[in-house]
Amino acid sequence: SQQGEEDPQALSIQEGENATMNCSYKTSINNLQWYRQNSGRGLVHLILIRSNEREKHSGRLRVTLDTSKKSSSLLITASRAADTASYFCATAPVYTGTASKLTFGTGTRLQVTL
Amino acid sequence: KAGVTQTPRYLIKTRGQQVTLSCSPISGHRSVSWYQQTPGQGLQFLFEYFSETQRNKGNFPGRFSGRQFSNSRSEMNVSTLELGDSALYLCASSQGAGNTEAFFGQGTRLTVV
């Protein structure tokens, strides 16, 4: 079952604009990871943020984590057409002691137009 | 460093048949997890193998099984296929420790007719 939800479900922006996606989850976590998926292909790992971290950056990506609200956000700055994809958050629960049993959100479909 | 390799990329099977999917993890990674992705249920965890032992299991029927070999390569088997088993099956590779990334393969698209 899906642990979390992402919103919006779909997002359409123009190239150069910023895109923000939000993820909520239900149980305590070890870490939260964000992935990108292009048209039903494999998942590309974007970034991992640990439960004791509040913000992390990687290139044009900025991720925040608020464990008190059980939520995370992914910001993509200066978006490009190549960023068009579905984005998923995935949480690794505390009780398993492993990052390997991930629970995924419902995903946000991002469309970046020229 | 080579990524996660899944074979085959596409499969078409008939109801009642069985199927075996293969996953080769990133070199040095000891954990392999399997996920099923469908439009209706999204991405769901099937099971995880670490050092040839099943370490975690999701809520799937016993028709879904797996194994891991000494070189960390893993196979997933689905017996008595049903139409609802049509999905993208994804394999993830990680070092297996608590706070490490999981890297995915390109998936195997299974269609049951």
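Computed from a predicted structure; not experimentally measured.

Draft legend 1. Molecular detail of the overall build of chain B. Looking only at helices and strands, chain B has zero helices and eleven strands in total. Relative to the globule expectation of 13 Å for 113 residues, the C-alpha radius of gyration of chain B, 13 Å, shows essentially globular dimensions. The principal-axis extent of the C-alpha atoms belonging to chain B is close to 35 × 25 × 25 Å. Taken across its 113 residues, chain B has 51% of its residues classed as buried. Partitioning the intrachain contacts of chain B with sequence separation of at least 6 by distance along the chain shows that 54% fall at a separation of at least 24. Carbon and sulfur atoms make up 47% of the accessible area of chain B, which totals about 5200 Å². In chain B, the 11 positive side-chain charges and the 6 negative ones have mean positions that sit 4 Å from each other.

Draft legend 2. Structural context of the interface of chain B and chain A. In this complex, chain B contributes 28 residues to the contact, which on the side of chain A involves 23 residues. Roughly 2000 Å² is buried in total at the junction of chain B and chain A, and carbon and sulfur atoms are behind 47% of that figure. The largest per-residue losses of area from chain B upon contact with chain A belong to B:Leu43, B:Asn99 and B:Phe104, which jointly make up 29% of the total buried on that side. In this assembly, chain B and chain A are joined by zero salt bridges. Seen at the junction of chain B and chain A, the total is five residue pairs in polar contact (both at pLDDT 80 or more).

Thresholds applied
Sequence positions are assigned chain by chain, starting from 1 and proceeding in written order. Following the order in which they are written, the chains are lettered starting with A and the ligands numbered starting with 1. Under the rules for a predicted model, residues below a pLDDT of 70 receive no local features and side-chain atom pairs below 80 are neither given nor counted, while totals for whole chains, interfaces and linings still include all residues. Excluded from the side-chain calculation are hydrogens and water; included are all heavy atoms of the structure. Helix and strand labels come from DSSP, where a helix needs a run of H or I of at least four residues and a strand needs a run of E of at least two; each type is numbered from the N terminus. Computation of the radius of gyration draws on C-alpha atoms, with the globule rule given as 2.2 Å multiplied by the number of residues to the power 0.38. For every residue, the accessible area obtained with a 1.4 Å probe (protein chains only) is divided by the maximum for its type, and the residue is called buried under 20%, exposed over 50%, and partly exposed between those limits. When checking whether two residues touch, look at their non-hydrogen atoms; a contact exists if any pair is within 4.5 Å. Here the accessible surface of atoms and residues is derived via Shrake-Rupley with a 1.4 Å probe, and residues count as covered only by protein chains that are part of the display. Residues scored as charged are limited to Lys and Arg (positive) and Asp and Glu (negative), so that His and the chain ends carry no count. All charge positions are set by atom: Lys at NZ, Arg at CZ, Asp at CG, Glu at CD. Summed over both partners, the accessible area lost on bringing two parts together, with a 1.4 Å probe, is the buried area. Definition used for salt bridges: Asp or Glu carboxyl oxygen within 4 Å of a side-chain nitrogen of Lys or Arg. Pairs of N or O atoms within 3.5 Å make up the polar contacts considered here, provided that, within protein, one atom can donate a hydrogen while the other can accept it, and that residues adjacent in sequence are counted only when both atoms are side-chain atoms.

By themselves, these are just geometric observations and shouldn't be taken as functional.
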